[in-house]
Amino acid sequence: MKRLFLATAAACAIAGAHAATGQAPLSPPATPGANGAPAAAGTGGASSFVFRDTPIAELFEMISRHERINIVLGKGVGGNVAVSLYDMTPRQAIYAIAEAGGFQVIARDNGYMIVNPAQAAAEGPAPAQMEVKALKVLYSEPQLVADILAKHVGRGGKVTVMPGRRMVVVEDTPEGMKRIVALLREIDSQPQQIMIEAKILEITLDDTETFGIDWSKILSADGTNRIGIGGLTNPTNPGLFFNYVNKNVEVYLNALSNKGRVRTLATPKLLTLENQEASTNIGDKLGYRLTTTINNVTSESIQFLETGVILRVVPTVDADGRITLRVRPEVSSGSVLGGIPSKKTTEVSTQLVAENGQSILIAGLIKASAGKRRNGVPLLGDLPAIGNLFANKEEINSSTETIVLITPRIVSTHPDEADARTIERIEQTGREIEKEMEAPQKLR
């Protein structure tokens, strides 16, 4: 039989004795169960609740007394509400009334607690439902990992970082802890190691190569050209050139080397982790004094100007094993005159994608230089006043093109084990094949 709680303005006037509370007379307390014990909190039969502009504290008190449920009101819970609820259990009614007042319900083992949303976040789950674990951070920055995990812990959970031990201490529910451990395994996975083999060569150009070497003709001499951004360097459009290296390039460089036109500037080999910059500098560091004045306080420091053959590379490996490279080669020279540094440089900054072990050619870095050369008869050409009669001077203009050959290779840290990403791709392909095989059967 349904129990009806009615608290309207008219009912309050008729009830007389209950006019002060604004609620209708209550039914008798809930009947005990078959074994004489009260029913579980909030699991009573369906009831109907109708309230008009009634204080929310009185509504919860009425339900608590009638259903014998423990209901605790947090600080700041108040105000009037108007609700019409039909065929609802006491538990459903408690949640509905709290929501109507803009509050939240925290379920306890022996009842309910009604709090405002800010307090609900602070209260969190019961202490008995929380777990605490210390998790090791192996490859990433502990503070960065802690900031990410803190955004994914459950209500009442927290993350504490231990930078010196490279650990994070996580407090969360069992379900939340499983989610945090899985997330940490994803974001703190072992990075790939990449070996960067580079050759930085300087080629002396002749009179017919004023705008640089036409690498597109050399690469496509056998009718193959594997990349679509070549041909940027030609007699009418000088500029940079990017392409995969083939045998034609090796043959051409060997021919130039035999003529003495190729000079090797550097051949560095760098081993680095993905997303980490690897750099090498074969040259000089020129020091100069830097003076800084802030609020009438002057301080001096020594800065250094890096010059020479410099190579900076940042590799990244994608899911298919391709390597993305951010490359910045530089060939420069500099000087410091009167405490002011100056620098002449030939450099390029670019991004490219290569297969594992595939060599990349970066060309088109052209540098022109001018000078004077004096030739003369030994001893006589050095005599004062009349030495110029036995010697001559000539101006020398030369152009060089700097090229960079880069070969990235993934270095496996477990050579005897199958690559995890390869296994994942094979399993994914297997699942796709199974789906395709199941599709015709469903059509039948």
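Residues numbered from 1 in each chain as written. Predicted model: local features only at pLDDT ≥ 70, side-chain atom pairs only at ≥ 80, totals over all residues. Heavy atoms only, no water.

**Some points on the sheet that holds strand β9 (residues 167–172)**
Each strand in a sheet pairs with its neighbour through backbone hydrogen bonds, running either in the same direction (parallel) or in the opposite one (antiparallel).
Then, in step 1: Reading across from one edge, β7-β9-β8 is the order of the 3 strands in this open sheet, with antiparallel pairing throughout. The open sheet terminates on both sides in strands that have one partner only, identified here as β7 (131–136) and β8 (158–162). Direction aside, neighbouring strands of the sheet carry axes that sit 20° apart on average.
Then, in step 2: Strand direction decides the pairing type here: β8 and β9, joined by 5 bridges, are antiparallel. Across the sheet, the residue bridging to Val 159 is Val 170, located in β9.
Then, in step 3: Across the sheet, helix α5 (residues 142–150) is in contact with β8 and β9; its angle to β8 comes to roughly 180°. (Pairing = 2+ DSSP bridges. Helix = DSSP H or I, 4+ residues; strand = E, 2+ residues; numbered from the N terminus. Axes fitted to C-alpha atoms, helices over the stretch in contact; angles between N-to-C directions. Contact = heavy atoms within 4.5 Å.)

**Digging into the sheet that holds strand β3 (residues 70–73)**
Then, in step 1: A sheet is described by the order of its strands in space; here 3 strands give the open sequence β3-β6-β5, paired in mixed fashion. The strands lining the two open edges of the sheet, one partner per strand, are β3 and β5 (104–108). For this sheet, the mean inter-axis angle between neighbouring strands, taken without regard to orientation, is 20°.
Then, in step 2: Strand direction decides the pairing type here: β5 and strand β6 (residues 111–115), joined by 5 bridges, are antiparallel.

**Digging into the pairing of strand β16 (residues 323–337)**
Then, in step 1: Across 10 bridges, strand β15 (residues 297–317) lies against β16 in antiparallel orientation. Pairing of Arg 312 across the sheet is with Arg 328, part of β16.
Then, in step 2: Taking the residues that link successive antiparallel strands as the turn, the β15-β16 hairpin has 5 residues, and the phi of Gly 321 there is positive, at about 85°.
Then, in step 3: As defined by bridge partners, β16 adjoins strand β18 (residues 350–354) across 5 bridges and the pair is classed as antiparallel. Among the inter-strand pairings, Arg 326 is bridged to a residue of β18, identified as Gln 351.
Then, in step 4: Examined bridge by bridge, β16 and strand β17 (residues 340–347) share 8 bridges and lie antiparallel to one another. Looking at β17, one finds that Gly 334 is bridged to Lys 343.

These figures come from the coordinates and say nothing about function on their own.
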